[in-house]
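Breakdown of the fold
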Amino acid sequence: MLNEHTKTDGLPDTMPDMPRALDRAPPRNERMASDKVECNACPVLCQIGRGRTGACDRYANADGVLIRVDPVIVLQKTLVTAPDQVVPFVARAADEESSDGTGSALVPSGAKQDEYFITGVGASTTYPDYKPAPFIVASKADGVDMVTVVTEGIFSYCSFKVKIDTDRWLGPEQANVRCKGEVVGHVSTAEYGSQMLSLGGVHHLTGGSKKEGRVTVEMMRALGNKEAVEVTIDGGAQLTIQAGKPPIVNGVEEQRMRVGCGSATIGIFARQFFGCADEVIVVDDHITGVLTEHQAGRCLDMPAAGIKIRGRKSTPGRYFQVANPGTGWGGTDIADPLSIIEACEAGVAWPGLKLLMVSTTGEHSGWYVLDDQLVPQPQPMPEEVKHVVARIGENCEPSLTTVLFLGGAGGSLRAGVTDNPVLLTRAIKQSVVNVTCGGAPAYVWPGGGITVMVDVSRMPDKSFGTVPTPAIVAPIEFSLPLADYERLGGHMGHVRTISDTLAHGAWHNDGAPQARIDVQPMPANVWPLGQAPLLG
Ligand code: SF4
């Protein structure tokens, strides 16, 4: 029955029949009502009444048959404008579904089947994992017979690394991050121009209270699905974060990522400041720069201006800790820039000295001239100085929130790929296997296990789900040459062509209504079978 669908050039002529009955039929709970079906896609083992969904809303009882309710997402290759990429997402109207209900009519007749890639989004799971993955799909890439093993992984060990482009202080490193009052992560090490959060993770999912686990998994699902999430940082800011959108800090949408630290800003714009101002102080929570003391001012032969600022001097013209961190000028807590000036040195500074004070984004700036008592007095900013301040702003990139999913795939889901899982791990490390998540390129961390990291913005919408254990459900695909798949002990009896897969759904789907298959091309990702593995 199976084999007439599965023949393809690179597959063996004789493939063993799949052990369908054994693999599909879990031991039935004898006390379960006759109109219920038991879902065995995760350890919760929901008993689902007719017309109802299970606890995760991903499976349902359709007339006594267990179905996966979301469509499988299939990527389509671009053919004309960018041959090696996948084309942008398009909205698919419901009435485009095929008349026979299989959904496979969404794939145009006559289209080459190697133009399609089945992702793990909506693919379902074959728990427990000793059963082969739901889709093991044969295809060709550059004339080579390939296989892609596709599943929805259930991840207990997983988290989201969130990069927030802002110089505003969000909270102390290691501070708890809360969602709906529950601790769901912490502030991590700040990076250049960005604050970092580590959210989710096994300790919050399963190591705390039930409520902490529930809130954490829901927060993670929303973040992975590019939805807005509100969090607060203990002793810090209140944030709204959403992948690909500007962060909102204490109710204010962030606009600009700083051009660099205060010292870098001095270095970049020193020649443009030269001739306009006698002194420039770039206020920054990290390094505040003072032009005439800085090496850049010295190289331009600028005379010392004698303006002493607070803070701890690092090297000439570079000062740490001029103020406390905050959401004011340059990520400090100051509203009045003159508050960081300790003194204007008599005999060095002079009446009429022109002073520019500016933040690292150019959002804050002030122009001052020293009076006869060497006190800075605010004055209207000359046009040429405004131009340089505007240039600082122009060089700032838009402030964004970037969300990376980090998941451990080195556990039992490997058994859905091969009988000997360590061979899969080794093959990934040897770049024989390319790992993708929803077709998006996944970076594989060095060292042991299969720890993958992927930018959720590159993944199809609604790629993430949850199960109440609690854990995150995320798509994962392993692509490799067919010959290597056989060599590493792959489930060769379950390899099927893409046309058979599109026509019949997952191998364990016998008897179920055909799942709808949506063809949803993706933006700006290299075709998954043409990607070089992103190995650490
Ligand atoms: S939680 Fe979802 S996947 Fe798990 S048994 Fe219930 S319906 Fe199935």
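Overview of the structure. From a predicted model like this one, the values you see are computed outputs, not experimental measurements. (Residues numbered from 1 in each chain as written. Predicted model: local features only at pLDDT ≥ 70, side-chain atom pairs only at ≥ 80, totals over all residues. Heavy atoms only, no water.)

What follows concerns unusual backbone geometry. At the junction of Tyr 127 and Pro 128, the peptide bond is cis and its omega measures out at -10° in the coordinates. Relative to the elements of secondary structure, Pro 128 occurs in the loop between strand E6 (116-118) and strand E7 (135-141). A cis amide bond links Thr 469 to the next residue, Pro 470, at an omega of -5°. The phi angle at Gln 174 is positive, at roughly 80°, despite the residue not being glycine. Structurally, Gln 174 is set in the loop between strand E9 (158-165) and strand E10 (176-179). On the basis of relative accessible area, Gln 174 is assigned to the exposed category, the value being 69%. (Helix = DSSP H or I, 4+ residues; strand = E, 2+ residues; numbered from the N terminus. Buried < 20%, exposed > 50% of the residue type's maximum accessible area, 1.4 Å probe, protein only.)

Right, let's talk about the pairing of strand E14 (residues 238-241) for a bit. Two strands pair when backbone bridges link them, and strand E13 (residues 229-233) and E14 are joined in this way by four bridges, in the antiparallel orientation. In the strand pairing of E14, Val 231 is matched with Leu 239. Between E13 and E14, which pair antiparallel and follow one another directly, the connecting turn spans four residues, one of which, Gly 235, has a positive phi of 70°. Bridge count between E14 and strand E15 (residues 248-249): two bridges; the pairing is antiparallel. (Pairing = 2+ DSSP bridges.)

What follows covers empty space enclosed by the protein. Following the criterion strictly, the structure yields two cavities of 30 Å³ or more and no others. In this structure, the largest cavity spans a volume of roughly 80 Å³. If you go around the largest cavity, you meet 13 residues; those closest to its centre are Cys 39, Cys 42, Cys 46, Cys 56 and Tyr 59. The residue makeup of the lining of the largest cavity, split by class, is 11 nonpolar, one polar and one charged. Space inside the second largest cavity adds up to approximately 60 Å³. Residue lining of the second largest cavity: Tyr 116, Phe 117, Ile 118, Val 137, Ala 138, Ser 139, Thr 148, Ile 498 and Leu 529, and that is the complete set. Here the residues of the lining of the second largest cavity sort into seven nonpolar, two polar and no charged. (1 Å grid on protein atoms, 1.4 Å probe; cavity = no way out; pocket = protein on both sides within 12 Å on 5 of 7 lines; lining within 4 Å. Points joined across faces, edges and corners; volume = space filled by probe spheres on them. Nonpolar A, V, L, I, M, F, W, Y, C, P; charged D, E, K, R; others polar.)

Pairing is mixed in the open sheet, where seven strands are placed in the order E20-E21-E18-E17-E23-E24-E25. This sheet does not close on itself; its edge strands, each paired only once, are strand E20 (312-315) and strand E25 (376-378). Ignoring strand direction, the axes of neighbouring strands in this sheet form an average angle of 30°. The sheet contact formed by strand E23 (residues 354-359) and strand E24 (residues 365-370) spans five bridges and is antiparallel. Counterpart to Lys 354 in the pairing with E24 is Val 369. Against the sheet, helix H5 (residues 262-273) contacts strand E17 (279-283), strand E18 (288-290), strand E21 (318-320) and E23, and its axis sits at roughly 150° relative to E17. Sheet strands touched by helix H7 (residues 383-394): E23 and E24. Its angle to E23, the strand with the most contacts, is close to 20°. (Axes fitted to C-alpha atoms, helices over the stretch in contact; angles between N-to-C directions. Contact = heavy atoms within 4.5 Å.)

Turning to the environment of Asp 57, a few remarks are in order. With respect to the helices, strands and loops of the structure, Asp 57 is situated in the loop between strand E2 (47-48) and strand E3 (59-62). C-alpha of Asp 57 to C-alpha of Val 467: the two residues are 410 residues apart in sequence and 9.0 Å apart in space. There is a polar contact of 2.9 Å between the side chain of Asp 57 and the side chain of Thr 53. (Polar contact = N/O pair within 3.5 Å; in protein donor to acceptor, adjacent residues only side chain to side chain.)

Attention now goes to the pairing of strand E8 (residues 144-155). For E8, a buried count of nine out of 12 residues is recorded, marking the element as mostly surrounded by other parts of the structure. Pairing geometry for E7 and E8, over seven bridges, is antiparallel. Each residue of the ladder has a partner; that of Ser 139, found in E8, is Met 146.

In the neighbourhood of the ligand, the contacting residues comprise Cys 39, Ala 41, Cys 42, Leu 45, Cys 46, Gly 54, Ala 55, Cys 56, Arg 58, Tyr 59 and Pro 468. The pocket occupied by the ligand, as judged from atoms lying within 2 Å of grid points, is the largest cavity. Considered class by class, the residues forming the shell around the ligand number nine nonpolar, one polar and one charged. (Near = heavy atom within 4 Å. Sits in = over half its atoms within 2 Å of the grid points.)

Per the stated rule, a full pass over the model turns up 20 salt bridges. A salt bridge links Arg 178 to Asp 234; the shortest N-O distance between them is 2.9 Å. Taken together, the residues span a long stretch of sequence, with Arg 178 in strand E10 and Asp 234 in the loop between E13 and E14 at a distance of 56 residues. The residue Arg 496 makes a salt bridge to Asp 500 at a minimum N-O spacing of 3.1 Å. Each member of the pair, Arg 496 as well as Asp 500, carries the same accessibility label: buried. Ionic contacts of the salt-bridge type, sharing partners, join the residues Arg 58, Arg 68, Asp 70 and Glu 152 into one network. (Salt bridge = Lys/Arg side-chain N within 4 Å of Asp/Glu carboxyl O.)

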